[in-house]
Amino acid sequence: MFILSGPSGVGKSSLISKIRERFPDVHLAVSATTRAPRPGEVDGVHYAFVTRAAFEEGVRRGDFLEWAEVHGNLYGTPKRAVEPLAAQGLTVLLDIDVQGFRNVRRVRPGTPAIFVAPTSNSVLEERLRKRGSENPAGLAKRLENAQREMAAMGEYDHVVVNDDLERAALELEHLLGLRESRTPPPQR
Ligand code: 5GP
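The numbering scheme is per chain: residues are counted from 1 as the chain's sequence reads. pLDDT decides what is reported in this predicted model: residues at 70 or higher carry local features, side-chain atom pairs at 80 or more are listed and counted, and totals for whole chains, interfaces and linings draw on all residues regardless. As a convention, hydrogens and water are excluded, and side-chain values are obtained from all of the structure's heavy atoms.

Q: Is there a simple way to explain the pattern of salt bridges in this structure?
A: When the charged atoms of two side chains lie near each other, side chains of opposite charge can form a pair. By salt bridge we mean one thing: a side-chain nitrogen of Lys or Arg within 4 Å of a carboxyl oxygen of Asp or Glu. By the definition in use, this model includes 19 salt bridges. For K18, the salt bridge goes to E166, with nearest N and O atoms at 3.7 Å. On the criterion of sequence distance, the pair formed by K18 in helix α1 (residues 12–22) and E166 in helix α7 (residues 165–175) is long-range, its members being 148 residues apart. Under the scheme applied here, a residue whose accessible area is under 20% of the maximum for its type counts as buried, over 50% as exposed, and between as partly exposed, the area being computed with a 1.4 Å probe on protein chains only. Of the residues examined, E166 reaches a relative accessible area of 33% and is grouped as partly exposed. E57 is paired through a salt bridge with R60; the nearest N and O atoms lie 3.2 Å apart. Placement of the pair is E57 and R60 together in helix α2 (residues 52–61), with a separation of 3 residues, close to one helical turn. The class for E57 is partly exposed, based on a relative accessible area of 33%. Among the charged side chains, a network of salt bridges with common partners joins K18, R22, E166, E173 and R179. Only DSSP runs of H or I reaching four residues or more are called helices, and only runs of E reaching two or more are called strands; each is numbered from the N terminus.

Next up, the structure:
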């Protein structure tokens, strides 16, 4: 099990998709959230989209490995999204925020954690604007939260700068133990 964090818009989802294309045995734990689906997001694939009441009921039942309020919505990692996969020895990625990272480290100390960082704040802001998925208030909240998340990057085991999708994906694959050597294959 690996924790992946990084500010909204840094490109974690693209990195994870790229890695999963090459390593289908890598799984992403599907989180539950009370946020509304964005166009193209599929319930049960990107997230389990639930009501606040259903989420809170899950918290009371102890369904979550960790949960947190992020940008005004609740997000949590259901234990059943992780444990059966981890028990089979499969690589499971948790795409969670800094609060989630700290909570998982409390219950599962030693879980490796990687922070994905942007090359600069302005690149991040541009990516978020281009994605166009947020209204102005949502965008401002994500930019503000990005600064808080970046301040926590020193708590992680590794920081991967997403300067180039392919390069960063390769670096992550090494860190996840999916590739044996850090030396890139020879160019033909
Ligand atoms: P978004 O709304 O952009 O999909 O995600 C917003 C933030 O919530 C991201 O930083 C993402 O890593 C975080 N997040 C997604 N799922 C979970 C989860 O299950 N737990 C926690 N703590 N954070 C999550």
